[in-house]
Amino acid sequence: MKEETKIIQNILSDPLTGSISTPIYQTSTFVQKSPGVHKGFDYTRTNNPTRKILEDLITNLEYGYSSLAFSSGLAAIDSIFKILKYGDEIIAVDDIYGGTFRLLHLYKELGIQIKFVDTTDIHKIISSISVKTKLIWLESPTNPTLKISDIKEISKKSKKINQDILLVVDNTFASPVIQNPLQLGSDIVIHSATKYLSGHSDVLAGLVTVKHKKLYENLKYIQNATGGVLSPMDSWLVIRGIQTLFLRIKKQSHNAFQIATFLDKKRSSIIDIVYYPGLSYHKNHLVALKQQRYFGGIVSFSLKNDSINAAKKIVESTKIFKLAESLGGTKSLICHPATMTHKSIPSKIRISSGIKDSLIRLSLGIENVSDLIKDLEDSFLQLK
């Protein structure tokens, strides 16, 4: 089946009643025939039928062994870091999401060593690997400068050094519609399902899909022990959102390309840099062409007047683009990472990774692109 058919057909009708919509099993516990004898479900923290449908769905979309659904994207990320032990080392992308950076800082205080590198340069990754390296953490595309890492090559070369190094890819910005990291050589793929998978800015959720049984059993134990599971209602909301994932990604990617092209024409006057892997001069454009089906729905840009005040004039004046954190929903959003999503990162580190004071991130929705362009045009008048 083609991808858009596969997404719909993998959401099965209810075998008990024939309901075309997935039932919401809003229950905390399940009746047992005898102690320990049940129908596969005993307590919702451990297993829930609605959550399992979602987990099976993302497993099929990511071509994995099995999946786990968490109460947020960060809860999903946290479960992966809990695999590690005192003294272990993580090599992480330098242009990292602020929430993940904050979480890594907590683990650093617990004895986990962190090395931040530009993962678009494979040589920097390989030269950073030591006997303590247990995990390589990628975001591709990254948030918010949209760097693209060559997942297949990183997997191939790192596994040659040490087969046991886990390669983890945060696939939130791409979604399974754009790329499948497990097929490119990663061991684990994660999603903040809050974003594109749910697609309507109405739920917090995280998903982890793994390649091997042993990894699944380890993470399943951690999830059950720590309890950060996704509720039945929120599981249903993500299932509902995934049904239109293909349509939304296609439209959002189209809008993003048009917006990036429009912004690129402003580079001689107002704009300094446009970050979008679909532009031919983007430094990772060829890698994006190789491993992605679309270029995605996020565009970032910095201003020639590289100041927080200049950026604020833009983000506070748009009408259609709503000033808010998060991304991937049907409504277009505008965000100032330096004072919002990446505020927790020290300015020196933030700027060195490319997140300037004036950098603005756009999450394209499904509105008419001409209205979005007009909204940005009007906002740029604030700088004159």
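For the structure, check the block above.
Residues numbered from 1 in each chain as written. Predicted model: local features only at pLDDT ≥ 70, side-chain atom pairs only at ≥ 80, totals over all residues. Heavy atoms only, no water.

Asker: Can you help me understand the overall build of the chain in this one?
Answerer: A tally of helices and strands in the chain yields 15 helices and 12 strands. Since a compact globule built from 384 residues should have a radius of gyration of about 21 Å, the 21 Å found for the chain is in line with a globular shape. Its C-alpha atoms give the chain principal-axis dimensions of roughly 75 × 50 × 35 Å. Put simply, the chain has 384 residues, and 56% of those count as buried. For the chain, restricting intrachain contacts to residue pairs at least 6 apart in sequence, the fraction spanning at least 24 positions comes to 72%. Summed over its atoms, the accessible surface of the chain is roughly 16,800 Å², and 55% of this surface lies on carbon and sulfur atoms. Taken together, the 49 basic and 35 acidic charged side chains of the chain have centroids lying 1 Å from each other. (Helix = DSSP H or I, 4+ residues; strand = E, 2+ residues; numbered from the N terminus. Rg over C-alpha atoms; globule rule 2.2 N^0.38 Å. Buried < 20%, exposed > 50% of the residue type's maximum accessible area, 1.4 Å probe, protein only. Contact = heavy atoms within 4.5 Å. Areas by Shrake-Rupley, 256 points an atom, 1.4 Å probe, with all protein chains shown as cover. Lys, Arg positive; Asp, Glu negative; His and termini not counted. Charge placed at Lys NZ, Arg CZ, Asp CG, Glu CD.)

Asker: How should I be thinking about the sheet that holds strand E12 (residues 360-363) in this particular structure?
Answerer: Two orientations exist for strands paired in a sheet by backbone hydrogen bonds: parallel and antiparallel. Strand order in the open sheet formed by five strands is E8-E9-E12-E11-E10, with mixed pairing between adjacent strands. What marks the edges here is a single partner per strand, and that holds for strand E8 (271-275) and strand E10 (322-323). In the sheet, strand E9 (residues 298-303) pairs with E12 via four bridges, with the strands oriented antiparallel. Opposite Phe301, over in E12, you have Ile360 as the bridge partner. Helix H11 (residues 245-264) rests against E8, E9 and E12 of the sheet, and its axis sits at about 15 degrees to E9. (Pairing = 2+ DSSP bridges. Axes fitted to C-alpha atoms, helices over the stretch in contact; angles between N-to-C directions.)

Asker: What am I meant to see in a positive patch on the surface here?
Answerer: The grouping of Lys152, Lys156, Lys157 and Lys160 at the surface amounts to a positive patch. One can find Lys156 in helix H6 (residues 151-161). (Patch = residues over 30% accessible without salt bridge, like charges linked within 9 Å, V, L, I, M, F, W, Y side chains within 5 Å. Salt bridge = Lys/Arg side-chain N within 4 Å of Asp/Glu carboxyl O.)

Asker: Any chance you could explain the environment of Val31 here in plain terms?
Answerer: One can find Val31 in the loop between helix H1 (3-9) and helix H2 (49-62). Expressed as a C-alpha distance, the spacing of Val31 and Tyr43, which sit 12 residues apart in the sequence, is 9.5 Å.

Asker: I keep staring at the nonpolar core and nothing clicks. Help me out?
Answerer: The tendency in soluble globular proteins is for nonpolar side chains to be buried side by side. Within the largest apolar cluster, 57 residues are counted, with the highest numbers of intra-cluster contacts made by Val238, Leu263, Ile360, Leu362 and Phe380. Tallying contributions element by element places H11 first for this core, with eight residues. Leave out the neighbours within four places in its chain, and Ile360 touches Val299, Ser300, Phe301, Leu303, Ala311, Ile314, Val315, Ile334, Cys335 and Pro337. Listed in part, the 31 residues of the second largest apolar core include Ile90, Leu104, Val208 and Leu219. (Core = buried A, V, L, I, M, F, W, Y, C linked by side-chain atoms within 4.5 Å.)

Asker: Please explain unusual backbone geometry as it appears in this structure.
Answerer: Outside of glycine, negative phi angles account for most residues, and trans bonds account for most peptide bonds. In the segment running from Ser140 into Pro141, the intervening peptide bond is cis, with an omega of -5 degrees. Inspection of the secondary structure assignment puts Pro141 in the loop between strand E4 (133-139) and H6. Along the chain, Asn143 connects to Pro144 via a cis peptide bond; the corresponding omega equals 10 degrees. Looking at the secondary structure, you find Pro144 in the loop between E4 and H6. A positive phi angle, close to 60 degrees, is found at Leu146, a residue other than glycine. On the secondary structure map, Leu146 appears in the loop between E4 and H6. For Ser201, which is not a glycine, the phi torsion comes out positive at approximately 55 degrees. By the element assignment, Ser201 lies in the loop between strand E6 (188-192) and strand E7 (206-210).

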